[in-house]
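Observations on chain architecture
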Amino acid sequence: MKIKNPVLRRLYEYGIITLACALYALCFNWFFQPNNISMGGFTGVAQILNHFVPVLPIGITSIVLNIPLFYIGVRKQGVKLLISSLYAMTVSSLFLDALAAVYTFQAMEPLLACVYGGVLLGISMGLLMTVGSTTGGTELAARLLKYKLRNLSIGRLCLSIDVLVISLYALTFRSINNALYGIIAMYISSLAMDAVVYGSINAKIAYIISNQNGAIAQRLLDMDLGITLLDGRGGYSGNEKQVVLCAFKRSQIAAIKAAVTEIDPSAFIIVCEAHEVLGEGFGEYTPDSL
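Below is a short write-up of the structure. (Residues numbered from 1 in each chain as written. Predicted model: local features only at pLDDT ≥ 70, side-chain atom pairs only at ≥ 80, totals over all residues. Heavy atoms only, no water.)

1. Examining the overall build of the protein chain
We apply this condition: Secondary structure follows DSSP: runs of H or I at least 4 residues long count as helices, runs of E at least 2 residues long count as strands, and numbering of each begins at the N terminus. Exposure categories follow from relative accessible area, calculated using a 1.4 Å probe and restricted to protein chains: below 20% of the type maximum is buried, above 50% is exposed, and the middle band is partly exposed.
When helices and strands are tallied, the protein chain shows 10 helices and four strands. Taken from N to C terminus, the helices and strands of the protein chain fall in the order α-α-α-α-α-α-α-α-β-α-β-β-α-β. Viewed in the frame of its principal axes, the protein chain has a C-alpha envelope of about 80 × 45 × 35 Å. Counting over 290 residues, the protein chain shows a buried share of 41%.

Next up, the structure:
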């Protein structure tokens with residue numbers, strides 16, 4: 001969302017962070033805590049360290065583990081990341097304790113908790129990522145690893161880290177079943193996170209093959225769509241013809257198919273998913289892009 005006014009933009013960003021923290025607290029108290037499902041992250045690492053060195057408090061250890069990541073994060077992305085992430089950590093902690101104090105959720109079917117908890121967790125983490133914030137731990141580590149591992153989505157990076165932590169947690173506490181449920185939840189959360197982070201820039205691509213390519217191309221241009229004409233040759237007939245290539249947003253697919261078939265009902269249309277489209281009318285690349 002593009003907001004030019006800096007004050008309104010900052011209010012919008014912190015409103016999103018607050019909403020994400022509320023969803024995170026609801027997710028943890030409703031689905032994960034009552035069912036003893038591990039969420040991985042630095043809290044899990046702190047629990048493992050506390051098991052071997054009981055004098056190390058889990059909360060303090062988790063904060064200490066975050067310090068090197070915050071230091072690297074500030075060097076990479078500036079003080080804004082530190083301030084927004086500290087705000088997210090504080091607010092999410094307050095929401096966690098406040099919700100637990102006013103209501104106690106009962107345990108449910110673990111598989112249901114994994115599915116719905118994973119979706120809600122992924123949405124909350126994805127919202128934080130879209131405004132350049134994290135609650136530290138796994139999400140911050142994944143954001144920093146993204147600079148080196150550009151070919152992996154942010155959700156898959158988080159999943160890899162969480163699965164490693166949950167596996168170590170299972171080995172340490174001999175809690176295999178809860179670990180397996182935790183891995184399911186983290187996988188679902190990675191899908192939900194990617195849907196939130198990349199969903200706004202997902203698009204589709206159409207390849208249109210027709211004997212009326214000129215009229216079709218003009219109609220698409222009249223619809224303010226960008227097109228590219230590719231040279232092709234029919235495999236059976238050997239006739240040369242042009243293929244219309246068009247990238248468009250999901251909401252435009254019905255109008256495009258209607259326009260093409262109106263001109264040529266026998267037109268051959270191939271519609272493909274485009275994971276990410278950069279350029280005018282779509283997303284734009286920055287060094288900090290997820």
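2. What about the sheet that holds strand S4 (residues 268-274)?
The following threshold applies: Two strands make a pair as long as DSSP finds a minimum of two bridges between them. In this analysis, axes come from line fits to C-alpha atoms, helices being fitted only over the stretch in contact, and the angle between any two N-to-C directions falls in the range 0 to 180 degrees. Contacts are assigned to residue pairs with any non-hydrogen atoms lying within 4.5 Å of each other.
The four strands are arranged S2-S3-S1-S4 in an open sheet whose pairing can be described as antiparallel. Two strands close off the open sheet at either side, each with one partner strand: strand S2 (227-233) and S4. The sheet shows a mean angle of 25 degrees between the axes of neighbouring strands, direction not considered. Here strand S1 (residues 203-209) pairs with S4 via seven bridges, running antiparallel. Bridge pairing in S4 links Tyr207 to Ile270. On top of the sheet, helix H9 (residues 213-222) reaches S1, S2 and strand S3 (240-248); it is set at about 15 degrees to S3, its chief contact.

3. Some thoughts on unusual backbone geometry
At Asp224, a position not held by glycine, the phi torsion is positive, near 60 degrees. Take Asp224: it is sitting in the loop between H9 and S2. By relative accessible area, which is 72% here, Asp224 ends up exposed.

4. Describing the pattern of salt bridges
Short version of the rule: A carboxyl oxygen of Asp or Glu within 4 Å of a side-chain nitrogen of Lys or Arg is what we treat as a salt bridge.
Tallying each qualifying case throughout the model produces five salt bridges. Between Arg10 and Glu13 there is a salt bridge, with its nearest N and O atoms 3.4 Å apart. One end of the pair is Arg10 and the other is Glu13, both in helix H1 (residues 6-32) and three residues apart, which spans about a single turn. By relative accessible area, Arg10 is classed as partly exposed at 41%. Its salt-bridge partner being Glu13, residue Lys80 comes within 3.4 Å of it at the nearest N-O pair. In this pair, Lys80 is assigned in helix H4 (residues 79-102) and Glu13 in helix H1, connecting sequence segments 67 residues apart. According to the relative accessible area criterion, Lys80 is partly exposed, its value standing at 39%. Residue classification places Glu13 among the buried residues on the basis of a relative accessible area of 11%. Within this structure, Arg10, Glu13 and Lys80 form a network of salt bridges that share partners.

5. Comments concerning the pairing of S2
Judged from the seven bridges that link them, S2 and S3 form a sheet pairing that is antiparallel. Opposite Leu229, over in S3, you have Val244 as the bridge partner. The antiparallel hairpin formed by S2 and S3 contains six residues in its connecting segment, where Gly238 sits at a positive phi of about 75 degrees.

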